Amino acid sequence: MGVSRWVRADPWRALLMLVAACYGLVQLVAVGPGMGLGWDETVYVSQVDPRVPAAEFIAPRARGITLIVAPVTMVTSSTDVLRVYLCLLSALALYGSFGTWLRLRSGAVVPLAALLFGSLWLTLFYGNEVMPNLWVALGAVAAVGFFLRCTRPDGGRADVVPPDGGRGGAAGPDGGRGALVGLAVCVAAVALLRPPDSLWLVLPLALALAWPGRRRLSVLLALVAGLVVGWADWIVEAYVRFGGLLARWHAAGAANETGLHFSLPDHAQALNGPLLCRPPGDCGPAEPSWVLWWSAIPVLVLLGLYASRRADSLLPAVVAGSLAAPYIFLVGYAAPRFLLPTYALLAFPIAHGAVGLLGRTRGRAPRWAVACLVTAGFLAHLTLQAGTLGAIVAPRLAKREGDALVARALEGLGVRPPCLVYGEQAVKIAYRMGCAGHTVLTWPGQSDLPAPVRDAAAAGQQVVAVDRGRPVPAPFLLTWERRHLPDVRPGQWSAYVPR
């Protein structure tokens, strides 16, 4: 009886909780805990796994995601345990981040926005991946929610209607110390995960404080404090490992190909599942069904902004555009995960529009017609997302299982730590063996030993090179013994060991 009374008293929070629970459950079923680690994941996990050498941590990376997985990886190297942990944690984070908005908007808007975002194939796939972008998205959602609670005329309460109807009029008292602390923590978390993203998150929020009646020194201080705390680790590491902040910034820009670009066509090609569209890889043409889905987003956002005409709909749309801007105009390649924060924030005006459209429809027949149209659109959305998720998961399960087979085959050849695995997919293979790894995208053309191989041999480590499909991938391997690795799919793998 207590549960039923709670549901009746706060049905929208209960519905949001149900959405979050379904999000975690679908991850476990559709993606599963058995998928091995990808390249980037291995780099992050190896930083906090005491059983393996840490992989090379290049300038653009940040330590935030390693802190998220550290409680598990310090205890066990089981990928299954890590995946289940991240499933549960991401479901809780979905509930917590969208839950900050329940004090801003009562009704179906918040759980519907969470459902729209949680049903994306991207959100489901990356929910248990050791990658920072989903966590940046959830941090941005919570940060904007706390910001609005700090600056709303009613102090951020959904059950109080301000004199202007909540449409951005004069500001009253802050939303309390809790909202200020929450804002600072969320900004710091985003900065720990992806420092440049935190700047694009804070910029529109700081500009919003210049709006008449919304000037809040305490909110500005919370934004600045979050940036300072979140950036501290990245800045300190810049001086310890990269020769200073400016040197690390330039190195990060070179690694990410930053500069003036227009990568919107690349993002369109990546909508249906290539996880990275970066030369020399070919992502193929943009899928018409996905382009149609993508094209509907700005239309739905504009309809939502018109239907709601509220400041708490406009600001997430503005912040969403700010977070998308660097990946469209300053990065020379595309990955669908880059736009996760944008999709998360745009879910609010879209949800506003859907709820507002249903609420404003008059007459039984038109309301049923609108409800059927909205339902049909959502079902089409779910069908597209589910089909793409299945097409993404299956080949990656096989490919990452292939990495495990290569690792076992190398162990069968007697390769044991301390060791270095050099070559194709080497970082992922080496992690499973407890070895150091050095992945090459293009094999060196010289006969001399590459520096990582030479340094490992000088340190007394056992060295093995791995390759899939090429007769002799590099001249320096001509004097090495080649051994075929049986029963490894996809592709025929070979190992090279010094004679």
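It should be noted that the structure appears before, not after, this text.
Residues numbered from 1 in each chain as written. Predicted model: local features only at pLDDT ≥ 70, side-chain atom pairs only at ≥ 80, totals over all residues. Heavy atoms only, no water.

Trainee: Sorry, what's going on with the layout of surface pockets here?
Mentor: Gaps between atoms show up when a probe of the same size as a water molecule is rolled over them. Computed from the structure, the second largest pocket encloses a volume of approximately 1,100 Å³. Contributing to the lining of the second largest pocket are 36 residues, with Leu300, Ile350, Val374, Gly377 and Phe378 lying nearest its centre. Those elements giving two or more residues to the lining of the second largest pocket turn out to be helix H6 (109–118), helix H14 (288–308), helix H16 (340–360) and helix H17 (364–412). Examining the composition of the lining of the second largest pocket, we find that 11 residues originate from one element, H16, more than from any other. Looking at the lining of the second largest pocket residue by residue, the classes come out as 27 nonpolar, 7 polar and 2 charged. (1 Å grid on protein atoms, 1.4 Å probe; cavity = no way out; pocket = protein on both sides within 12 Å on 5 of 7 lines; lining within 4 Å. Points joined across faces, edges and corners; volume = space filled by probe spheres on them. Helix = DSSP H or I, 4+ residues; strand = E, 2+ residues; numbered from the N terminus. Nonpolar A, V, L, I, M, F, W, Y, C, P; charged D, E, K, R; others polar.)

Trainee: So what exactly am I meant to see when it comes to the packing of helix H9 (residues 177–193) against helix H10 (residues 195–208) here?
Mentor: In the contact formed by H9 and H10, the axes pass within 5 Å of each other and the chain directions differ by 145°. Between H9 and H10, the residues in contact are Val187, Val190, Ala191 and Leu193 and Pro195, Asp197, Ser198, Leu201 and Val202, respectively. Here the residues of the contact of H9 with H10 sort into 7 nonpolar, 1 polar and 1 charged. (Axes fitted to C-alpha atoms, helices over the stretch in contact; angles between N-to-C directions. Contact = heavy atoms within 4.5 Å.)

Trainee: I would appreciate a short explanation of empty space enclosed by the protein in the present structure.
Mentor: Summed over all chains, the structure comprises 3 cavities of 30 Å³ or more. There is about 50 Å³ of room inside the second largest cavity. Around the second largest cavity sit Leu120, Trp121, Leu122, Ala270, Leu271, Trp290, Trp293, Pro336, Tyr343 and Gln385, which together line it. Of all the secondary structure elements, the ones that give two or more residues to the lining of the second largest cavity are helix H7 (121–126) and H14. Counted by class, the lining of the second largest cavity contains 9 nonpolar, 1 polar and no charged residues.

Trainee: Explain the pairing of strand S5 (residues 493–497) here, please?
Mentor: Among the 5 residues in S5, 5 count as buried, and that is most of the element. Along S5, one buried face is formed by Trp493, Ala495 and Val497 and the opposite face, lined by Ser494 and Tyr496, is buried too. The pairing of strand S3 (residues 462–468) with S5 spans 4 bridges and is antiparallel. Residue alanine 465 lies in a different strand from S5, and its bridge partner there is tyrosine 496. Across 5 bridges, the pairing between strand S4 (residues 481–485) and S5 is antiparallel. Residue pairing for S5: leucine 485 is matched across the bridge by tryptophan 493. (Buried < 20%, exposed > 50% of the residue type's maximum accessible area, 1.4 Å probe, protein only. Pairing = 2+ DSSP bridges.)

Trainee: Please explain the state of the cysteines as it appears in this structure.
Mentor: As used in these notes, a disulfide is a covalent bond between sulfur atoms, one from each of two cysteines. For the coordinates displayed, the defined rule picks out 2 disulfides. A sulfur-sulfur separation of 1.8 Å characterises the disulfide bridge that pairs cysteine 419 with cysteine 435. Because the sign of the S-S torsion sets the handedness, a value of about -70° for the bond joining cysteine 419 and cysteine 435 places this disulfide among the left-handed ones. Note that cysteine 419 is positioned in strand S1 (residues 419–423) and cysteine 435 in the loop between helix H18 (426–433) and strand S2 (436–439), a separation of 16 residues in sequence. (Disulfide = S-S within 2.5 Å.)

Trainee: Which parts of the structure should I look at to understand the nonpolar core?
Mentor: If you look at soluble globular proteins, the nonpolar side chains tend to sit buried side by side. Ranked by size, the top nonpolar core spans 111 residues in total, and within it Phe98, Phe117, Leu201 and Tyr343 carry the most contacts. When sequence neighbours within four positions are dropped, the list of residues in contact with phenylalanine 98 reads Leu16, Val110, Ala113, Ala114, Phe117, Leu138, Val141, Ala344 and Phe348. Among the nonpolar cores identified, the runner-up in size contains 19 residues, and Val406, Ala407, Val421 and Val466 belong to it. (Core = buried A, V, L, I, M, F, W, Y, C linked by side-chain atoms within 4.5 Å.)

Trainee: How should the environment of valine 84 be read in this particular structure?
Mentor: Looking at the secondary structure, you find valine 84 in helix H5 (residues 79–99). Classification of valine 84 as partly exposed rests on a relative accessible area of 32%. Taking the C-alpha atoms as reference, valine 84 lies 7.2 Å from leucine 28; in sequence the two are 56 residues apart. Dropping the residues within four chain positions of it, valine 84 is found in contact with Leu28 and Pro33.

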